[in-house]
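Here is what each chain is made of, one letter per residue.
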Amino acid sequence: MPRILIVDDDLEIRGTMASLLRRQQIDFDQAENLRATRSALETDNYDLLLLDVNLPDGSGLSLLPELRSMANPPEVIILTGKGDPEGAELAIEGGVWDYLVKPASIKDISLSINRALKYKDQRDRSIPRALDLSRMIGTSRAMRECFEVIAQAAVSDANVLITGETGVGKELAARTIHVNSRRAKCPFVVVDCASLTDSLMESTLFGHRKGAFTGAFADREGLVRQAHTGVLFLDELGELPLAMQKSLLRVLQERKFRPIGENREQESDFRLIAATNQDLEELVDYGTFRRDLYFRIKTIRLRIPPLRDRREDIKPLATSFIEQLCRESGIKTKVFGSDFFSSLQDYDWPGNVRELGNVVERALVAAGEEKFLYAMHLPKDLRIKVARSRIEQGAAMADDTSSSCLDIVDFGADFPSLKSFKRMNERRYLEALIRKTGGDVPQILTISGLSRSHFYALLKKYELEA
Ligand SMILES: Nc1ncnc2c1ncn2[C@@H]1O[C@H](COP(=O)(O)OP(=O)(O)OP(=O)(O)O)[C@@H](O)[C@H]1O
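Residues numbered from 1 in each chain as written. Predicted model: local features only at pLDDT ≥ 70, side-chain atom pairs only at ≥ 80, totals over all residues. Heavy atoms only, no water.

### Here we look at the overall build of the protein
Working step 1: Counting secondary structure elements, the protein contains 19 helices and 18 strands.
Working step 2: In the protein, which comprises 466 residues, the share counted as buried stands at 45%. (Helix = DSSP H or I, 4+ residues; strand = E, 2+ residues; numbered from the N terminus. Buried < 20%, exposed > 50% of the residue type's maximum accessible area, 1.4 Å probe, protein only.)

Next up, the structure:
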């Protein structure tokens, strides 16, 4: 059910609006000034604000930038007693749905409210569908939840804090938010806070004038200004020194900064997306990260889980990386031996998706001209770790591609049905036979006793090649 906040200092107007909404069975709250409106917005979600311009403690229009930076902002209809064309222009620039001059007819107000609510409803529903995820892969439930947050972040202009271990895809997620947002055509400026020394940081972020310090041979535009109209992506935010945190907070509040050696302030309208693999809350408790900055940055929070907690994503990621690498190097895409994926599945991926990308690339190089990718093509250190962990788990399934393909396997909690066990082994039998005979079909048919048509049907079934 939609919810509306009526913001007006005039009791009579609030009463008229309230009875209109009650008749339409629309839920609503009321606020008589800016302060009450802000506190209502902090505690509740609204789909629409009916907003008066002249309020006792300031202009209703001053709320528009704050609303725009909310994760899922309400629509706004401005209702004002003054026919103020400049105000109307400002309001429309600020993204309001409609601007009605009092006394507006009940019919006009009702029509406008219904249209705005319909639009808001469509906006809410279209969030997940509208997303372009062409570069970001993931089918696990955990990643689908991440995509929902990314979709919400894409339709808003709020600050975003992305957390997760190294290599989980924080920067990729930030870029995905950017390409799906209204700032998509504007710059995406990356600042790696960990690689900047304290002395370089201020001039890198805010720029400097020629001669501002020894070595400042020319004017330099800072990254904050370069991000104007676009996104400033602060990677490794937990590494930002305290002094710079203060400056950053000021820029976030005022969107203004002063390059070193410059008298006048400059402006930059950027959206902040920050990423960290550190626990910022813990840093706040230790006193090495400012609490006020932390609260300002985490309007939208995206936590990307490590790959070991979403193993379902390993296969689609690895397949996509291999296909892309084969395409780029102009070679025919490889066929996977089943032991290849099972080894990938059984590894813990401390370096997450980045490590997976590197590992499959190394496997591709190791396979050379071979059509198949087997576990033996994977880096030795990875195979050793997988073998160890299998032994530790009592799986006793050594990672030895030359072992019999009909070993008895301890499947642990994932014990398969007899049908799928037979399928698995049939596939492994065929892979081993193709490997042993070098793909010599007459020899395969002699050894297996299969008819030619049955053999080709099995190749098709298991997506194998001889
Ligand atoms: N879901 C995904 N789909 C496709 N590629 C991904 C995915 N997640 C990560 N990658 C790839 O993995 C690599 C590492 O990702 P990224 O740089 O975004 O990680 P990060 O979390 O920002 O790492 P770090 O903390 O070390 O900066 C990149 O090549 C990226 O394209």
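Having seen the model, we can carry on.
### Structural notes on the sheet that holds strand β6 (residues 75–80)
Working step 1: The 5 strands are arranged β2-β1-β3-β6-β7 in an open sheet whose pairing can be described as parallel. Of all strands in the sheet, those bounded by a partner on one side alone are β2 (27–31) and β7 (98–101). Taking each pair of neighbouring strands and ignoring which way they run, the sheet shows an average axis angle of 20°.
Working step 2: By the bridge criterion, 4 bridges tie β6 to β7 in an arrangement that is parallel. (Pairing = 2+ DSSP bridges. Axes fitted to C-alpha atoms, helices over the stretch in contact; angles between N-to-C directions.)

### Here's the deal with a negative patch on the surface
Working step 1: A grouping of D9, D10, E12, E32 and D57 is seen on the molecular surface, where their side chains present a negatively charged patch.
Working step 2: What makes E32 partly exposed here is its relative accessible area of 37%. (Patch = residues over 30% accessible without salt bridge, like charges linked within 9 Å, V, L, I, M, F, W, Y side chains within 5 Å. Areas by Shrake-Rupley, 256 points an atom, 1.4 Å probe, with all protein chains shown as cover. Salt bridge = Lys/Arg side-chain N within 4 Å of Asp/Glu carboxyl O. Lys, Arg positive; Asp, Glu negative; His and termini not counted. Charge placed at Lys NZ, Arg CZ, Asp CG, Glu CD.)

### Quick notes on unusual backbone geometry
Working step 1: Of note in this structure, T229 is not a glycine but carries a positive phi near 75°.
Working step 2: In this fold, T229 is placed in the loop between α9 (223–226) and β12 (231–235).
Working step 3: Here the phi dihedral of R255 falls at roughly 60°; this positive angle occurs in a residue that is not glycine.
Working step 4: Within the secondary structure, R255 sits in the loop between α10 (242–254) and β13 (256–257).

### Regarding the pattern of salt bridges
Working step 1: Taken as a whole, this structure holds 22 salt bridges when the rule is applied.
Working step 2: With a closest N to O distance of 3.0 Å, D44 and R3 form a salt bridge. Pair noted here: D44 is in the loop between α2 (34–43) and β3 (48–52) and R3 is in strand β1 (residues 3–7), with a separation of 41 residues, a long-range link.
Working step 3: One salt bridge in this structure joins K120 and D47, with 3.3 Å as the shortest N-O distance. One end of the pair, K120, is in helix α5 (residues 106–129); the other, D47, is in the loop between α2 and β3, with 73 residues separating them in the sequence. Across the pair, D47 and K120 agree in class, each one buried.
Working step 4: Put simply, R3, D27, D29 and D44 are held in one network by salt bridges that share partners.

### Let's talk about the site of the ligand
Working step 1: Among the 16 residues in the neighbourhood of the ligand, the closest are listed as I137, T166, K170, E171 and L172.
Working step 2: T166 is positioned with one of its side-chain polar atoms (N or O) 2.7 Å from an oxygen atom of the ligand.
Working step 3: E171 places a main-chain nitrogen or oxygen 3.0 Å from an oxygen atom of the ligand.
Working step 4: Residue assignment for the shell around the ligand shows that the elements contributing at least two residues are α7 (170–179), α13 (314–329) and α15 (352–367).
Working step 5: Top element by residues in the shell around the ligand is α7. It accounts for 3 residues. (Near = heavy atom within 4 Å. Polar contact = N/O pair within 3.5 Å; in protein donor to acceptor, adjacent residues only side chain to side chain.)

### Topic: the packing of aromatic side chains
Working step 1: This structure, assessed with the given rule, holds 9 aromatic pairs.
Working step 2: With 5.7 Å between their ring centres and 25° between their planes, F336 and F340 make a pair best called stacked.
Working step 3: Ring geometry for F336 against F341: centres 4.7 Å apart, planes inclined by 50°, an arrangement best described as tilted.
Working step 4: What makes F336 buried here is its relative accessible area of 14%.
Working step 5: The class for F341 is buried, based on a relative accessible area of 10%.
Working step 6: What links up through ring pairs into an aromatic cluster is the set F336, F340 and F341. (Phe/Tyr/Trp six-rings, centres within 6.5 Å; stacked < 30°, edge-to-face > 60°.)

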